[in-house]
Amino acid sequence: MPRDHATPESALPPALARARGWARLLDDRFEIAGFRFGFDGILGLIPGVGGLVTLAGGIVMLTSAHELGLSTGVKLRIAGYTALDAIIGAVPLIGDVFDFVFKAHKKSLNTIEKALARQAGR
């Protein structure tokens, strides 16, 4: 199910609504001067905490993909985004900037939505 603004969140499968909510919270919640960011970037500034937040978000995305019946390939892509975010995010300074621009959870959500659209034959 691709993002359809006419469909209320309550009409979505719970797993998709949960994935959308987490992606927004972690990658897209705030905006300053046209730049959107979320708690993943903010909490990434605290050593150790950012990695846990990234992994928690990745687990939510993987669980959602599984509940939606998506393929192993989709789940591997989500795991790859999460691993890349966690590994590079752990590097001092470079990782802090990376956490604000990479947006692994939004990429995972887009992967889920595209897979659902393919399943629906769109």
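Please refer to the structure placed before this passage.
Residues numbered from 1 in each chain as written. Predicted model: local features only at pLDDT ≥ 70, side-chain atom pairs only at ≥ 80, totals over all residues. Heavy atoms only, no water.

J.: Help me understand the side chain of Glu113 in this model?
T.: Along the polypeptide, Glu113 turns up in helix α6 (residues 104-119). In terms of polar contacts, Glu113 uses its side chain to reach the side chain of Arg20, at 2.7 Å. (Helix = DSSP H or I, 4+ residues; strand = E, 2+ residues; numbered from the N terminus. Polar contact = N/O pair within 3.5 Å; in protein donor to acceptor, adjacent residues only side chain to side chain.)

J.: So what exactly am I meant to see when it comes to the packing of aromatic side chains here?
T.: Aromatic rings in a pair are described by how distant their centres are and how their planes are angled relative to each other. By the definition in use, this model includes six aromatic pairs. Their ring planes at 80° and their centres at 5.1 Å tell us that Phe30 and Phe39 sit as a pair that is edge-to-face. Judged by relative accessible area, which is 27%, Phe30 ranks as partly exposed. Given the relative accessible area of 29%, Phe39 is considered partly exposed. Each ring, one from Phe35 and one from Phe37, has its centre 6.1 Å from the other, and the planes form 20°; the classification is stacked. Phe37 sits in the buried class, given a relative accessible area of 11%. (Phe/Tyr/Trp six-rings, centres within 6.5 Å; stacked < 30°, edge-to-face > 60°. Buried < 20%, exposed > 50% of the residue type's maximum accessible area, 1.4 Å probe, protein only.)

J.: Help me understand the nonpolar core, please; the structure alone is not making it clear to me.
T.: For soluble globular proteins, nonpolar side chains are generally found buried alongside one another. Among the nonpolar cores identified, the biggest contains 15 residues, and Leu16, Met61, Leu68, Leu70, Ile78, Ile112 and Leu116 are the most heavily contacted of them. Elements with a minimum of two residues in this core: α1 (14-28), α3 (49-67), α4 (72-89) and α6. In this structure Ile78 touches Gly58, Met61, Leu62, Ala65, Ser108 and Ile112, once residues within four positions along its chain are discounted. (Core = buried A, V, L, I, M, F, W, Y, C linked by side-chain atoms within 4.5 Å. Contact = heavy atoms within 4.5 Å.)

J.: In this structure, what is going on with the packing of α3 against α4? I would like to understand it.
T.: For any two helices packed against each other, the geometry is given by the interaxial angle and the distance between the axes. At a minimum axis distance of 9 Å, the contact between α3 and α4 shows a crossing angle of 175°. If you check the angle between α3 and α4, you find them roughly antiparallel. Of the residues in α4, those touching α3 at Thr54, Leu55, Gly58, Met61, Leu62, Ala65 and His66 are Lys75, Ile78, Ala79, Thr82, Asp85 and Ala86. (Axes fitted to C-alpha atoms, helices over the stretch in contact; angles between N-to-C directions. Parallel < 35°, antiparallel > 145°, perpendicular 65-115°, else oblique.)

J.: Where do I start with the packing of α1 against α6 in this structure?
T.: Packing of α1 against α6 leaves a shortest axis separation of 8 Å and a crossing angle of 155°. If you check the angle between α1 and α6, you find them roughly antiparallel. Seen along the crossing, α1 lies across α6 with a hand that is left-handed. Seen from α1, the contacting residues are Leu16, Ala19, Arg20, Ala23, Leu26, Asp27 and Asp28; seen from α6, they are Ala104, His105, Lys106, Leu109, Ile112, Glu113 and Leu116. The residue inventory of the contact of α1 with α6, partitioned by class, reads eight nonpolar, one polar and five charged. (Left-handed = near helix turned anticlockwise from the far one by under 90°. Nonpolar A, V, L, I, M, F, W, Y, C, P; charged D, E, K, R; others polar.)

J.: What is the right way to look at a nonpolar patch on the surface in this model?
T.: On the surface, Phe35, Val97 and Val101 cluster together into a nonpolar patch covering about 270 Å² of accessible area. In this structure, Phe35 sits in strand β2 (residues 35-37). For Phe35, a relative accessible area of 35% translates into the label partly exposed. (Patch = residues over 30% accessible without salt bridge, like charges linked within 9 Å, V, L, I, M, F, W, Y side chains within 5 Å. Areas by Shrake-Rupley, 256 points an atom, 1.4 Å probe, with all protein chains shown as cover. Salt bridge = Lys/Arg side-chain N within 4 Å of Asp/Glu carboxyl O.)

J.: I tried to follow unusual backbone geometry on my own but got confused; where do I start?
T.: Glycine aside, a negative phi is what most residues show, and trans is what most peptide bonds show. Of note, the phi angle at Ala33 is positive, near 50°, even though the residue is not glycine. Its place among the elements puts Ala33 in the loop between β1 (30-32) and β2. Within the chain, Lys103 stands out as a residue other than glycine whose phi angle is a positive 60°. Among the structural elements, Lys103 can be located in the loop between α5 (94-101) and α6. For Lys103, a relative accessible area of 14% corresponds to the buried category.

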